[in-house]
Amino acid sequence: MTYGRFALAAMLSFLALIAATVGLVLFLSGRMVGGDGAWTSWSLDRKEEAAAQIDRPKLFFISGSSGNFGYSAEQLSDALGVDVVNLASHAGLSVPYFAYLATRNAEPGDVVVLPLEYEAYSRLELTPHTTVVDFERGLDFFGFLAPREQVEYLRAFPVRELLSVAGQFLAGEQFTVPDTNYWRYGVNTYGDLDLPGPSRAGVRKALGSAREADDERLFLAPPAARYLTALRDDLNSRGVQLIFTQPPLHEFATLSRGAIRNLASQLEEQGLEYHFLFNDNRVPADMMLDSRYHTAASGRRVATARLALMLCDVIDFDAMGVNGDTCTSASLDEQQAWSSSITNMTGFAHEGDLNELTYRPEGSSPVRRSGNFRNVTFDAVAPVRCHSMLYFRVRPELPDTRVTVSVNGEERVSHQFTSGTASGAVRPWRSSVYLPHGGNELARVRFTADRWNSERNNVSLTFSQLFRKTDCVAAPGVR
């Protein structure tokens, strides 16, 4: 065989191998093998089926699990008076996949709401979870990507997923939907999950997740900016309204208001208007489920009410062609009541097996972003003959702020906030104070925030850590 014939045969064999591999991948795609990828694929199939049943202008929201757990399409539909579908899924997906879902499902007259998790904007690459979900749903997303991202897709795709599906096929097995983990919640005709109420264990788990948040991760990455601006142009050309807003967030989350607004400014520099919700949509700790972005049923009701109030202000209902009443006065009053109902809730602050802290309702909530409260005061139990300390980690919303901590009217410690993070947020202060252990078990602790060298004014405080530790085993909690 001559060299030329050998080279031609080798090239044809290589092309045949590629064709066979592509054919095998296409043949095996659309099968689920379990895990988060299967749950995301299964739930998205049902959500898109719900959207396809609506033959008139509708509203749908797309995000990761913050929207899946934190917003109710059914409650939003009742509040707005329009058809709403929950197309949120999993935070492990990427902005390009969210843009793909919006493009794929939007029709003229629709409204698309993107309450994406803050960290989603900063992803520079596709995640393996994104490629797994696309493979299990039939590989349509691959064709949506730009050539550069298609190469990245192939690099991110986990070969073990292909091998697992191939093994399942060869064994003649069929995937069956389990009744464990998130599968047990189900998906209704609005695309909503059937969420449970909060639990003490869940609140503690959510608190741990909230403390892992990091201001440094909040920025708009070029790939996200490229796909979101292209999505805006495409939807606008089709008569679809696009709205960016905030996800629900655990009230203890250390993501600061300054960092969030810095991210919003970067979006608005791209012509992507960002809409803020009441209290940055921070949800009381005792209404969370198991993550800083996952609410329980009660928390979802509060977060959805805030979203409804904002959407009533910004949606062009005439463009939707809606006939009938939308955002009625009665509905708005109900949403406002839910939105502000957090003032009657109790906050949790658990640190392992440490004692629970609850707070007096008289005008302040020390672990809740409250706004316009310069003094944060509460009573802590300091058991007689027990040495007790109060540990805290706090940051003000404004720079050049001094925070002073006093116990029973006596100043114990203070701190001047001057340094900030790379995002411009004020760096938190971590410290502790001794609590008295004499005859009086109640210690009145006050945090006072003032702008340095200026008149006293209102400075909101955010506590990411606040707990009492004592050397007595059976110490009572806070009254």
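Residues numbered from 1 in each chain as written. Predicted model: local features only at pLDDT ≥ 70, side-chain atom pairs only at ≥ 80, totals over all residues. Heavy atoms only, no water.

K.L.:
Just to check I follow, could you spell out the packing of helix α13 (residues 297–314) against helix α15 (residues 329–339) for this structure?
P.N.:
The description of two packed helices rests on the angle between their axes and on the distance between the axes. Two elements in contact, α13 and α15, have axes separated by 8 Å at closest approach and are oriented at 135°. As the angle between them shows, α13 and α15 are arranged oblique. Considering only the axes of α13 and α15, their crossing is left-handed. Packed against α13, whose contacting residues are R301, V302, A305, R306, A308, L309 and C312, the element α15 presents L332, E334, Q335, Q336, W338 and S339 at the interface. Here the contact of α13 with α15 is composed, by residue class, of 7 nonpolar, 3 polar and 3 charged. (Axes fitted to C-alpha atoms, helices over the stretch in contact; angles between N-to-C directions. Helix = DSSP H or I, 4+ residues; strand = E, 2+ residues; numbered from the N terminus. Parallel < 35°, antiparallel > 145°, perpendicular 65-115°, else oblique. Left-handed = near helix turned anticlockwise from the far one by under 90°. Contact = heavy atoms within 4.5 Å. Nonpolar A, V, L, I, M, F, W, Y, C, P; charged D, E, K, R; others polar.)

K.L.:
Looking at this model, I keep getting lost on the packing of aromatic side chains. Mind explaining?
P.N.:
We describe a pair of aromatic rings using the distance from one ring centre to the other and the angle between the two ring planes. Tallied over the entire structure, the rule returns 19 aromatic pairs. Each ring, one from F61 and one from Y71, has its centre 5.9 Å from the other, and the planes form 75°; the classification is edge-to-face. You can see F61 sitting in strand β1 (residues 59–61) and its partner Y71 sitting in the loop between α3 (65–70) and α4 (73–80), a full 10 residues away along the chain. Accessibility assignment for this pair places F61 and Y71 in one class, buried. When the ring centre of F276 is taken as reference, the NZ or CZ atom of R261 above it lies at 4.2 Å. (Phe/Tyr/Trp six-rings, centres within 6.5 Å; stacked < 30°, edge-to-face > 60°. Buried < 20%, exposed > 50% of the residue type's maximum accessible area, 1.4 Å probe, protein only. Lys NZ or Arg CZ within 6 Å of the ring centre and 35° of its normal.)

K.L.:
Explanation requested: α13 in the structure shown.
P.N.:
Because each turn of an α-helix spans 3.6 residues, side chains separated by three or four positions in sequence point in the same direction. Across its 18 residues, α13 extends 26 Å between first and last C-alpha, which sits within 8% of the 26 Å expected from 1.5 Å per residue. Burial analysis of α13 places 14 of its 18 residues in the buried class, the great majority of the element. (Expected span 1.5 Å × (residues − 1).)

K.L.:
Would you mind going over the environment of L228 with me for this structure?
P.N.:
Structurally, L228 is set in helix α11 (residues 222–237). Between the C-alpha atom of L228 and that of V95, which follows or precedes it by 133 residues, the distance is 7.7 Å. In contact with L228, not counting residues within four places along its chain, are V95, L114, Y121, F244, L267 and L272.

K.L.:
What is the right way to read the state of the cysteines from this model?
P.N.:
Simply put, disulfide is the name for a covalent bond between the sulfur atoms of two cysteines. For the structure on display, the rule yields 1 disulfide. Each disulfide pairs two cysteine sulfurs, and for C312 the partner residue is C327, the sulfurs being separated by 2.0 Å. Of note, the bridge from C312 to C327 carries an S-S torsion of about -90° and is left-handed in sense. Of this pair, C312 sits in helix α13 while C327 sits in the loop between α14 (317–320) and α15; the two residues are 15 residues apart in sequence, bridging distant segments of the chain. This pair shows no difference in class: C312 is buried, exactly as C327 is. (Disulfide = S-S within 2.5 Å.)

K.L.:
In this structure, what is going on with the pattern of salt bridges? I would like to understand it.
P.N.:
All chains considered together, the criterion is met by 15 salt bridges. Measuring nitrogen to oxygen at the nearest pair gives 2.6 Å for the salt bridge that ties D83 to R56. Highlighted residues: D83 in the loop between α4 and β2 (84–86) and R56 in the loop between α2 (35–52) and β1, separated in sequence by 27 residues. Of the residues examined, R56 reaches a relative accessible area of 48% and is grouped as partly exposed. When the shortest N-O distance is used, the salt bridge between R232 and D233 registers 3.0 Å. Given the relative accessible area of 19%, R232 is considered buried. (Salt bridge = Lys/Arg side-chain N within 4 Å of Asp/Glu carboxyl O.)

K.L.:
Whenever I open this one, the environment of V113 confuses me. Can you help?
P.N.:
Along the chain, the position of V113 falls in strand β3 (residues 111–114). Once you skip the residues sitting within four places of it in the chain, V113 turns out to touch L59, F60, F61, I62, I243, T245, L307 and L311.

K.L.:
Looking at this structure, how should I read unusual backbone geometry?
P.N.:
Backbone phi values are negative for most residues with the exception of glycine, while trans is the configuration of most peptide bonds. Here the phi dihedral of N281 falls at roughly 55°; this positive angle occurs in a residue that is not glycine. By the element assignment, N281 lies in the loop between β6 (274–275) and β7 (282–283).

K.L.:
Whenever I open this one, the nonpolar core confuses me. Can you help?
P.N.:
Nonpolar side chains in soluble globular proteins tend to end up buried together. In this structure, V112, L114, Y118 and Y121 are the most contacted members of the largest nonpolar core, which totals 59 residues. Looking at this core, the element that brings in the most residues is helix α5 (residues 95–105), giving 7 residues. Beyond its immediate stretch of four places on either side in the chain, Y121 contacts V95, L114, L116, F219, L220, A221, A224, L228, F244, L263, L267 and Y274. By size, the runner-up hydrophobic cluster in this structure holds 29 residues, among which are L59, Y71, L277 and C327. (Core = buried A, V, L, I, M, F, W, Y, C linked by side-chain atoms within 4.5 Å.)

K.L.:
Is there a simple way to explain helix α8 (residues 147–156) in this structure?
P.N.:
Every buried residue belonging to α8 is among E149, E152, Y153 and A156, and all of these are buried. For α8, the angular spread of the buried residues around the axis is 110°, confining them to a single face. In α8, the exposed residues that point more than 90 degrees away from the buried face are P147, L154 and R155. Looking at the buried side of α8, the elements it contacts are α6 (128–136), α7 (140–144) and α11. (Arc of directions from axis to C-beta.)

K.L.:
In this structure, what is going on with the side chain of S89? I would like to understand it.
P.N.:
Topologically, S89 is positioned in the loop between β2 and α5. Looking at S89, the relative accessible area reads 1%, which means it is buried. In this view, S89 contacts W39, T40, L44, S63, G64, S65, N68 and F98; residues no more than four positions away in its chain are not counted.

K.L.:
Sorry if this is basic, but what is going on with the pairing of strand β14 (residues 429–435) here?
P.N.:
On a regular strand, each side chain points to the face opposite its neighbour's, so the side chains alternate between the two faces of the sheet. Side chains W429, S431, V433 and L435 of β14 all project onto a buried face; the interleaved residues R430, S432 and Y434 project onto a face where none is buried. Sheet topology note: the strand β11 (residues 388–396)/β14 ladder contains 7 bridges and is antiparallel. Opposite R393, over in β14, you have R430 as the bridge partner. (Pairing = 2+ DSSP bridges.)

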